[in-house]
Amino acid sequence: YLRKFGVKVTTLDFKSEYKPDVVGDVRVLPFGDNTFDMAIACEVLEHMPFEDTLKALGEMRRVSRRTVLISVPDARRTLMGLRLKLPLIKELNVSLRYPAFTRQVVTTERGHHWEIGKIGSPLRRIRKAFADVGFRGVRSGPLPDTPRNHSFLLEKVPQQ
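Residues numbered from 1 in each chain as written. Predicted model: local features only at pLDDT ≥ 70, side-chain atom pairs only at ≥ 80, totals over all residues. Heavy atoms only, no water.

Caption draft 1: Structural view of the packing of helix 1 (residues 50-63) against helix 2 (residues 123-133). For the pair helix 1 and helix 2, interaxial distance at closest approach is 10 Å and the crossing angle is 45°. As the angle between them shows, helix 1 and helix 2 are arranged oblique. Crossing hand, helix 1 versus helix 2: right-handed. For the pair helix 1 and helix 2, the contacting residues are Phe50, Glu51, Leu54, Leu57, Gly58 and Arg61 in the first and Arg125, Ile126, Ala129, Phe130 and Val133 in the second. Its residues assigned to classes, the contact of helix 1 with helix 2 comprises 7 nonpolar, 1 polar and 3 charged. (Axes fitted to C-alpha atoms, helices over the stretch in contact; angles between N-to-C directions. Helix = DSSP H or I, 4+ residues; strand = E, 2+ residues; numbered from the N terminus. Parallel < 35°, antiparallel > 145°, perpendicular 65-115°, else oblique. Left-handed = near helix turned anticlockwise from the far one by under 90°. Contact = heavy atoms within 4.5 Å. Nonpolar A, V, L, I, M, F, W, Y, C, P; charged D, E, K, R; others polar.)

Caption draft 2: Summary view of the nonpolar core. Residues Leu45, Met60, Ile70, Phe130 and Phe152 are the most contacted members of the largest nonpolar core, which totals 26 residues. Elements with a minimum of two residues in this core: strand 3 (36-42), helix 1, strand 4 (64-73), helix 2 and strand 8 (146-156). Beyond its immediate stretch of four places on either side in the chain, Leu45 contacts Thr53, Ala56, Leu57, Ile70, Val72 and Trp114. (Core = buried A, V, L, I, M, F, W, Y, C linked by side-chain atoms within 4.5 Å. Buried < 20%, exposed > 50% of the residue type's maximum accessible area, 1.4 Å probe, protein only.)

Caption draft 3: View of the sheet that holds strand 8. Pairing is mixed across the open sheet formed by 4 strands, whose spatial order is 3-4-8-7. Edge positions in the sheet fall to strand 3 and strand 7 (135-143), since each has one partner strand and no second. Here the strands of the sheet are splayed against their neighbours by 15° on average, with no regard to which way each runs. Where strand 7 and strand 8 come together, 7 bridges link them in antiparallel fashion. Counterpart to Arg136 in the pairing with strand 8 is Glu155. Sitting on the sheet, helix 1 is in contact with strand 3, strand 4, strand 7 and strand 8, with an inclination near 145° to strand 4. Where helix 2 meets the sheet, its contacts fall on strand 4, strand 7 and strand 8, and the angle it forms with strand 8 comes to roughly 25°. (Pairing = 2+ DSSP bridges.)

Below, the structure is given as structure tokens:
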């Protein structure tokens, strides 16, 4: 999608059958420091133990010049979203939520080790992990087209 708009993109995956530009591991990125304007990981980090997620975030911070965008599942309540564009009216975004009665430990049925809102991974723990790795949150929340996921735009905090 980004390439259609002329953005230079380098993809990485550990599975060669997906035909990424680079076969590798997000926990040990094969790129130099400050190589990219932005590093993006959508629905990736929850597939590894949380300790490995911290390694991946550190690597993404290292290879990005300024920002990192991630998206992870949010098990807290969002069921679906609706985005309306009406003539002469600004875009309207609505999310339908349901009570989060289940807060059990994540099983590996989808290969997830953690999700926001499940036992052991509340949102505050995730935000603290970002700060511990050297980020500050710029924006956070669900996007209209993926209301079950929580997106974070993170900015590198200069090291002292």
